[in-house]
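Given next are the chains, with one letter for each unit.
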Amino acid sequence: YDGIDEALQHLRRFCSANAPIDGIFGFSQGSNIANLLVADALHGQATELADVRFVVHNCSGIPGWAEQKPELYEQALAIPCLVIGGGPADAEMD
């Protein structure tokens, strides 16, 4: 994404103004951004998200954050998460 750092800064300001934040829910592209917010928080780079205890990813893509921000993904993110997907295989179920 272009402007990802600016988007993250905007969301972090929002979270700071509305703290404490217990969990993050993201849908589609928002789910991709939620992953970055959580990664920042777990690496101590987002103190306004220090209280986050879980994340819910709904219909996420695989945007390639590990390549774009490898310093955040050297290890698996240690936080409970729920991943909700959907796709052609789900649509075929009767």
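Scroll up to find the structure.
Each value, and the rule that gives it
Residues numbered from 1 in each chain as written. Predicted model: local features only at pLDDT ≥ 70, side-chain atom pairs only at ≥ 80, totals over all residues. Heavy atoms only, no water. Helix = DSSP H or I, 4+ residues; strand = E, 2+ residues; numbered from the N terminus. Buried < 20%, exposed > 50% of the residue type's maximum accessible area, 1.4 Å probe, protein only. Axes fitted to C-alpha atoms, helices over the stretch in contact; angles between N-to-C directions. Parallel < 35°, antiparallel > 145°, perpendicular 65-115°, else oblique. Contact = heavy atoms within 4.5 Å. Nonpolar A, V, L, I, M, F, W, Y, C, P; charged D, E, K, R; others polar.

Here's the deal with unusual backbone geometry
For step 1, the next point in the chain: In the segment running from A19 into P20, the intervening peptide bond is cis, with an omega of 5 degrees.
For step 2, the next point in the chain: Of note, P20 is situated in the loop between α1 (4–17) and β1 (23–27).
For step 3, the next point in the chain: Even without glycine at this site, S28 takes up a positive phi of about 55 degrees.
For step 4, the next point in the chain: Within the chain, C59 stands out as a residue other than glycine whose phi angle is a positive 60 degrees.
For step 5, the next point in the chain: One can find C59 in the loop between β2 (54–58) and α3 (65–68).
For step 6, the next point in the chain: Note on C59: relative accessible area 35%, which makes it partly exposed.

Focus on the packing of α1 against helix α2 (residues 29–42)
For step 1, the next point in the chain: Remark: α1 packs on α2, axes separated minimally by 11 Å, with the N-to-C direction vectors making an angle of 70 degrees. Viewed along their axes, α1 and α2 adopt a mutual orientation that is roughly perpendicular. Residues I4, L8, L11 and R12 of α1 touch α2, and the partners they reach there are I33, L36, L37 and D40.
For step 2, the next point in the chain: Looking at the contact of α1 with α2 residue by residue, the class counts come to 6 nonpolar, no polar and 2 charged.

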